[in-house]
Amino acid sequence: MSNESFEPLLIAFCCQYCSYSAADLAGSMRLQYPPNVRIIRTPCTGRLEVEFFMKAFERGADGILVAGCLEGGCHFTEGNLLARGRVGYTRKFLSESGLEEERIRMINISAAQARPFVDHIHEMLATLKNIGPSPLKNVNPSKNVEIRT
Amino acid sequence: MIVAQRKSIPELVDILKGQKKILVLGCGTCVTVCLAGGEREVSINASALRISSRLKNLAFAVEELTIERQCDNVFIEKAADAIKRNDVVLSLGCGAGVQAIAERYDKPVYAGLDTAFIGILEERATWTEKCIACGKCVLHEYGGICPVTRCAKHMLNGPCSGSREDRCEARADRPCAWQLIYQRLKSIGELDRLKSIKAPKNWGASIHGGSRVVIREDHRI
């Protein structure tokens, strides 16, 4: 797949107190951004675990955007700071596993920042287009047994 | 508790190279608390191994399981089926856990962690060593601060005079254990303990006398 025709699949984990509202506001303001973003609402970015990110990559996501509140403005005081650490830890695992660490990024925005939210989406998608598709796309996951008890 | 650290994914891939069916086995006790080998770390490491495998065509089939405790047979038995249906076990337990599994099953068992020390959570995400299991505890002499573990020179009759301010001469990021001992004994009114000269330590009770065994005859049947 050439990078020109490549449309990345971006998973955006959005905190319901800030970036999810910003995404909502972007809709109300009729701001346009590409449809290849899957927004997942979370109660707080502090709820997100490293294994969520790893599983998303394992299943073929091209990139992940973690969008939390401005630092100092977390509804749960420090959830976004925990998420920052976990995104950094995920980057370490990605590069050790052979994937580009730029495939995951954390941003901090408030509920009022609809336009910056859209800008971040565009920037992340541009980064992913530049990197290229995830090599884990279209790989039959059944070859890799996974059983949890 | 026992504190351990993860091995990097390239290290694990190197250890597992040539294997097909791999069980990543976590432990729900010490290494869960020190964020090295619990259910969460099993999931992360298993995902990373699967990703590595796909990118490098290693054909790993990775299964995940975490048991309550790897160093206890009652709990190890719960992993029996999973161990049997895999070719190899990558244990995210401490060194004791790895060996406990290896002794019970006729399968290769590899250490997925580097076991570091016996310690405590000193502050958020920071674990520090408190005990080297020397076999003959002298903590009562030193206000509950272990010079054997926490003094870089293991001095029983300290300080060494090399400390700078309250920092250890050998490791500037750690406090001088003897400074702590002095302050502690002073605060509990036991400074007199420092007036007696301690005899050289008998290290025979430590690992230098060979691998140790504890037997309680009253509990044997």
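In this text, all values refer to a predicted model and were calculated from it rather than measured experimentally.

Visitor: Could you give an account of unusual backbone geometry, naming the residues involved and the relevant values?
Guide: Residue and element names in this part refer to chain B. In this chain, G158 is followed by P159 through a cis amide linkage whose omega measures 0 degrees. Tracing the backbone shows P159 in the loop between α7 (147–150) and α8 (177–187). Phi is positive for L35, which is not a glycine, with a value near 60 degrees. Tracing the backbone through its elements, the reader meets L35 in the loop between α2 (30–33) and α3 (39–56). Overall, the presence of 17 C-beta atoms within 10 Å leaves L35 in the partly exposed class.

Visitor: Any details on the pairing of strand β2 (residues 21–27) of chain B? Residues and values, ideally.
Guide: Along any regular strand, the residues point their side chains to alternate faces of the sheet. All names here are of chain B. Along β2, six of the seven residues are buried, which leaves the element largely enclosed by surrounding structure. In this sheet, strand β4 (residues 88–91) lies alongside β2 in parallel orientation, the contact comprising four bridges. When the sheet's bridge partners are listed, V24 is paired in β4 with L90.

Visitor: Tell me about the sheet that holds strand β3 (residues 61–67) of chain B, and name the residues and values.
Guide: Within a sheet, each strand pairs with its neighbour through backbone hydrogen bonds, oriented either parallel or antiparallel. All names here are of chain B. Spatially, β3-β2-β4-β5 is the arrangement adopted by the four strands of the open sheet, whose pairing is parallel. At either end of the open sheet lies a strand with only one pairing partner, and these are β3 and β5 (109–111). Averaged over all adjacent pairs, the angle separating strand axes in this sheet is 25 degrees, with direction ignored. Inspection of the sheet shows β4 paired to β5 by three bridges, in the parallel sense. If you follow V89 over to β5, its bridge partner there is V109. Relative to β5, helix α6 (residues 95–104) is tilted by about 175 degrees, and along the sheet it contacts β2, β4 and β5.

Analysis parameters
Residues numbered from 1 in each chain as written. Chains lettered and ligands numbered in written order. Predicted model: local features only at pLDDT ≥ 70, side-chain atom pairs only at ≥ 80, totals over all residues. Helix = DSSP H or I, 4+ residues; strand = E, 2+ residues; numbered from the N terminus. Buried ≥ 20, exposed ≤ 12 C-beta atoms within 10 Å, placed from the backbone. Pairing = 2+ DSSP bridges. Axes fitted to C-alpha atoms, helices over the stretch in contact; angles between N-to-C directions. Contact = placed C-beta atoms within 7 Å.

Interpretation note: all reported values are geometric properties and have no functional meaning in isolation.
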